Amino acid sequence: MNLVALGLGAAAGAGVASALMGLLVPRPARAAAVGLGSAVTGAAGVLAGIAAMTGQTWSMAAPELLPIAGVFLEVDALGGLFLAVAGAVAAVAAIYGIGYSRHHADGRAPQAVLPLFVLTLLIVPIAASVGTFLVCWELMALTSLLLVLTEHRRRAQVGEAGRWYAIMTHLGFMAILIGLLVFTAQAADDTFPALRAAAATLSPAVAGLVFLMILVGFGSKAGVLPLHAWLPRAHPEAPSHVSALMSAAMVNAGVYGIVRVGFDLLGGGARWWWLVVLLLGALSAVYGILQAAMSTDVKRLLGYSTTENMGLVLVGVGASGLFASAGNTVLAALAMAAALLHVCNHAAFKTLLFLAAGSVLHATGSRDLDALGGLRRGMPATTAAFGLGALAASALPPGTAFVSEWLLLQSLIQGLPNAGIATSIVLPVAVAAVALTAGLAVATFVKAFGVGFLARPRSDAAANAAESPATMLAGMGLAGVACVALALVPGLALPLIGRVAGGIAGTQTAPATGALTIELAEVTGTLSPFLLTVALLAAAVLVVVALRVAAARPRRQEARLWDCGAGPMSARMEYTATSFAEPLQRVFDNVVQPVQDVDVTHYQESRYLVQAVEYRRQIPDRIERRFYEPVLLAVARWGRAGRRLATGSVHRYLGYGFYTLCALLIALVVMR
Amino acid sequence: MVLSLWRKIRRTGRVAEPAPPPPDAAAGPAVAELAGSVQIRHVDAGSCNGCEVEIGSAFGPVYDAERYGARLVAAPRHADALLVTGPVTRNMAVALRRTYEATPEPKVVVAVGDCARDCGVFAGSYGVAGAVRDVVPVDVEISGCPPRPEAIVAALRSLTGR
């Protein structure tokens, strides 16, 4: 019995059925029906994905289904991994969406599109021909765009975010299209096996062009610098369960594309490809987390953190390519396993964080950290969920990201001794970038959790926040369980991921083994996250008990908090997200280049009496300003110039057609 | 920069005046518990800043009150003694009381200057709540408007006993 076929069949059936239910079921039951249906779709995807990772394969060819191109599907281990991750995120987000969309997005269109989006997320990693892949890719972009625009009537920013997303994602699509078509032109047909066969005959220049084009396209989907601009705009404006789907599942498609085309179809390629990937990844990681650290909008912060994590994944992918091109397949498999494990980990904690942020948005109507605080009392479960997610996202020992970042650092450090000049310069830089990113991530998530959930509420909405409905809590609970499992016993997932990575890098040796204690192959390195966590917990308990015992000796006294005699202390005296990030902003002043403006108004009677002080601070995305604004200006100028050609005169347009035709005919005659 | 500082220190030498003989009697029962080290929180309850200048001078290099074990600290939670100056204005009455409550036992209150003792020239003013002893219990009083640094140092030595 082929579990892959069973899972995919179930997913397709459930997905289409839920889309129909979204259209037909009346409003009261619509969210529940679609949510359950989408959850089944996702779960079936997980089943198929895990079956594929354990070695089952399945393929389908239906040349007549889609005109000209046909539909070809094939599930292998790599596709299975991304299939499983997307399915798991979709299942959790869909359950959460039942409660969430009742107030935010239970219209007919968003509910019908959600299962379709889930379905395209599942099909993209198993498409086995260029035509099928591009159609699914475009459907994924369109359905997610529709979901981003769900709340466009309520907030004007949604429309703008949607425009950015639509344009950027289609530019990326064009780059992928060009790259894959140039590739296909050298092959017998557009199926992946034919491309694989043709890869050996490609000239290095053509292969390099193909790789650069697909890197641009897939990089823009993964939110990698400098094509990240849409991500911190579109992800926050979407409904939160859609944000989770996009940020935890859809961006992975970009990584999948780079790995699939770069390693599988093109068969590795030159060293400089992977140096570019690694450097882009390192830059994205540092820049993404820096912007996240400065951000005060919690969902925007999470969006930038996605850029950071995709950057880390690409560091792993790039390192893997470097090692593979140097012939060290075991190390390549280790770096790839680290990258793929980080994909899984990121999916788990980013889902949890976005769902918790959505729960806060649901309860308070605000995403602004400076207006939140004190949510611990009203929303204990959401606070626990966000705290767990924040711990998982910062690369500290009991956290989820720690394991994969440890693996990544191990592979980078172990790669140093047998490297060429370029590699031996780049690898230490990458190690430093990963370490800096890890440190900034801790600061970022301490800020997000401490300012957003602890201390006192800074607004009435935060003070009156109440816990979210049960389905939302269930979604967060599932994501939390996944985070804890990946953090404590990564040995559950690592053998499967190691097999996938080994398959990509072309080695039989599993890069990492062991259930409780991870042991690396061929390099010395062991890590036991479970024992580490137990030791940490034991130490924490010991300290608490010791403190209790020590503090119990003198009688405890209740005393008024020292407030400089002025009191009572108000929420205005607390650290805000802005003030917490201020020291960091000062350190990285040259990089982030904040715009600050202090305006002091005096009384007319005396210059010594201040009437009002106005302080404005803005941290614009610097890359956006330097890179996008000139391009946008040039496009606008080009458009104005083009308008002179189109005056609205029909005669003129007919003339254009006539002269173009004549010029074409003359050119044909001359060139014959 | 650092070198020139060292040179300045070497060239100047000690400028502190020779220490007068130690005090005979301690100021109160709390003093024995303080055992020669008194951390002091200064509270300006409405002073004209004349007393502040003299306190600054008492802790400066010439009178150098720190050599007798007295030290200024930044919060009442760290303090053994409060050094209160000025008549207690209505704005500062609650703050002074809270500062007193925030100071751990055993604690000593020193009222510095005539204003702190009996409101000085501000007595009867609409903004004045009273002398320091009307708001918190006072252990030591220093008279003068403003008191000379020697007087402040002498009073502090009666607390440290050194």
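Conventions we followed
- Residues numbered from 1 in each chain as written.
- Chains lettered and ligands numbered in written order.
- Predicted model: local features only at pLDDT ≥ 70, side-chain atom pairs only at ≥ 80, totals over all residues.
- Heavy atoms only, no water.
- UniProt positions renumbered as here; feature names shortened; annotations may be inferred.
- Helix = DSSP H or I, 4+ residues; strand = E, 2+ residues; numbered from the N terminus.
- Rg over C-alpha atoms; globule rule 2.2 N^0.38 Å.
- Buried < 20%, exposed > 50% of the residue type's maximum accessible area, 1.4 Å probe, protein only.
- Contact = heavy atoms within 4.5 Å.
- Areas by Shrake-Rupley, 256 points an atom, 1.4 Å probe, with all protein chains shown as cover.
- Lys, Arg positive; Asp, Glu negative; His and termini not counted.
- Charge placed at Lys NZ, Arg CZ, Asp CG, Glu CD.
- Polar contact = N/O pair within 3.5 Å; in protein donor to acceptor, adjacent residues only side chain to side chain.
- Nonpolar A, V, L, I, M, F, W, Y, C, P; charged D, E, K, R; others polar.
- Pairing = 2+ DSSP bridges.
- Domains from an automatic or database assignment.
- Core = buried A, V, L, I, M, F, W, Y, C linked by side-chain atoms within 4.5 Å.
- Expected span 1.5 Å × (residues − 1).
- Patch = residues over 30% accessible without salt bridge, like charges linked within 9 Å, V, L, I, M, F, W, Y side chains within 5 Å.
- Salt bridge = Lys/Arg side-chain N within 4 Å of Asp/Glu carboxyl O.

- Per an unreviewed UniProt entry, chain B carries the name Oxidoreductase and comes from Pseudonocardia asaccharolytica DSM 44247 = NBRC 16224.
- What UniProt states about chain B under its Sequence similarities (unreviewed entry) heading is, verbatim, "Belongs to the complex I 20 kDa subunit family."

## Points about the overall build of chain B
Okay, step 1: A count of helices and strands for chain B gives seven helices and seven strands.
Okay, step 2: Ordered by position from the N terminus, the helices and strands of chain B form the series α-α-β-α-β-β-β-α-β-α-β-α-β-α.
Okay, step 3: Relative to the compact-globule value of 15 Å for 162 residues, chain B shows a C-alpha radius of gyration of 17 Å, a close match.
Okay, step 4: Projected onto its principal axes, the C-alpha coordinates of chain B cover approximately 55 × 35 × 30 Å.
Okay, step 5: Scored against the burial criterion, the 162 residues of chain B give a buried share of 44%.
Okay, step 6: In chain B, 83% of the contacts between residues at least 6 apart in sequence involve partners at least 24 apart.
Okay, step 7: Accessible surface, chain B: about 8600 Å² in total, of which carbon and sulfur atoms supply 55%.
Okay, step 8: Between the averaged position of the 18 positive side-chain charges in chain B and that of its 17 negative side-chain charges there is a distance of 9 Å.

## Looking at the interface of chain A and chain B
Okay, step 1: Each partner contributes residues to the interface: chain A has eight residues there, and chain B has seven residues.
Okay, step 2: If you look at where chain A meets chain B, you find two residue pairs in polar contact (both at pLDDT 80 or more).
Okay, step 3: Classifying every residue of the side of chain A that touches chain B by side-chain character gives four nonpolar, two polar and two charged.

## What about the sheet that holds strand 5 (residues 526–527) of chain A?
Residue and element names in this part refer to chain A.
Okay, step 1: Across the sheet, three strands lie side by side as 3-4-5; this open sheet has antiparallel pairing. Each edge of the sheet is formed by a strand with only one pairing partner; in this case those strands are strand 3 (512–513) and strand 5.
Okay, step 2: For strand 4 (residues 518–520) and strand 5, the ladder comprises two bridges, and the chain directions are antiparallel. In the sheet register, Ile518 faces strand 5, and the bridge partner there is Leu527.

## Quick word on the environment of A:Gly502
All names here are of chain A.
Okay, step 1: Checked against the element boundaries, Gly502 lands in helix 20 (residues 494–505).
Okay, step 2: Exposure remark for Gly502: the relative accessible area of 3% places this residue in the buried category.
Okay, step 3: C-alpha of Gly502 to C-alpha of Ala337: the two residues are 165 residues apart in sequence and 8.0 Å apart in space.
Okay, step 4: Each residue touching Gly502, except ones within four places of it in the same chain, is listed here: Ala333 and Thr507.

## Concerning the domain arrangement of chain A
Okay, step 1: Structurally, chain A comprises domain 1 (270–346 + 360–548) and domain 2 (622–671).
Okay, step 2: A separation of 47 Å is found between the C-alpha centroids of domain 1 of chain A and domain 2 of chain A.

## Things to note about the UniProt feature "domain: NADH:ubiquinone oxidoreductase-like 20kDa subunit" (unreviewed entry) in chain B
Okay, step 1: Here the UniProt-annotated "domain: NADH:ubiquinone oxidoreductase-like 20kDa subunit" (unreviewed entry) positions come out as residues 48–158 of chain B.
Okay, step 2: Structurally, residues 48–158 of chain B comprises 37% helix and 19% strand, and the distance from its first C-alpha atom to its last is 26 Å.

## Description of the nonpolar core
Okay, step 1: Of all hydrophobic cores here, the largest spans 188 residues; its most connected members are A:Phe133 and A:Val317.
Okay, step 2: When residues of this core are assigned to their parent elements, the largest contribution, 24 residues, is made by helix 13 (residues 329–364) of chain A.
Okay, step 3: With near-sequence residues (within four places) excluded, A:Val317 lies in contact with A:Val255, A:Ile258, A:Val259, A:Phe263, A:Trp274, A:Val277, A:Met336 and A:Ala339.
Okay, step 4: In terms of nonpolar packing, the next biggest core, distinct from the first, is built from 24 residues, B:Ile40, B:Leu83, B:Val140 and B:Leu156 among them.

## Quick notes on helix 8 (residues 204–222) of chain A
All names here are of chain A.
Okay, step 1: The end-to-end C-alpha distance of helix 8, which contains 19 residues, comes to 26 Å, matching closely the 27 Å that a straight helix rising 1.5 Å per residue would cover.
Okay, step 2: Where helix 8 is buried, its residues meet helix 5 (130–148), helix 6 (156–185), helix 9 (231–237), helix 10 (240–265), helix 11 (271–294) and helix 12 (298–325).
Okay, step 3: Directly after helix 8, the chain includes Gly223, whose backbone phi takes a positive value near 75°.

## Structural notes on unusual backbone geometry
Glycine aside, negative phi is the norm for most residues, and most peptide bonds take the trans geometry.
Okay, step 1: For the bond from A:Leu225 to A:Pro226, the omega torsion is -5°, close enough to zero to count as cis.
Okay, step 2: Assignment of secondary structure puts A:Pro226 in the loop between helix 8 and helix 9.
Okay, step 3: A cis amide bond links B:Glu105 with the next residue in sequence, B:Pro106, at an omega value of -10°.
Okay, step 4: Here B:Pro106 is to be found in the loop between helix 4 (90–102) and strand 5 (108–112).
Okay, step 5: Its identity is not glycine, yet B:Asn49 carries a phi of approximately 85°, on the positive side.
Okay, step 6: For B:Asn49, the location among the structural elements is in the loop between strand 1 (38–44) and helix 3 (50–58).
Okay, step 7: Phi at B:Cys119 is positive, roughly 75°, even though this residue is not glycine.
Okay, step 8: Within the element layout of this structure, B:Cys119 appears in the loop between helix 5 (114–118) and strand 6 (128–130).

## Concerning a positive patch on the surface
Okay, step 1: Together, B:Arg7, B:Lys8, B:Arg10 and B:Arg11 give the surface a local cluster of positive charge.
Okay, step 2: Mapped onto the elements, B:Arg7 comes out in helix 1 (residues 2–12).

## Description of a nonpolar patch on the surface
Residue and element names in this part refer to chain A.
Okay, step 1: The grouping of Val598, Val600, Val610, Val613 and Tyr615 at the surface amounts to a nonpolar patch, some 450 Å² of accessible area in total.
Okay, step 2: For the nonpolar patch, the secondary structure elements donating two or more residues are strand 6 (595–602) and strand 7 (610–618).
Okay, step 3: Structurally, the position occupied by Tyr615 is in strand 7.

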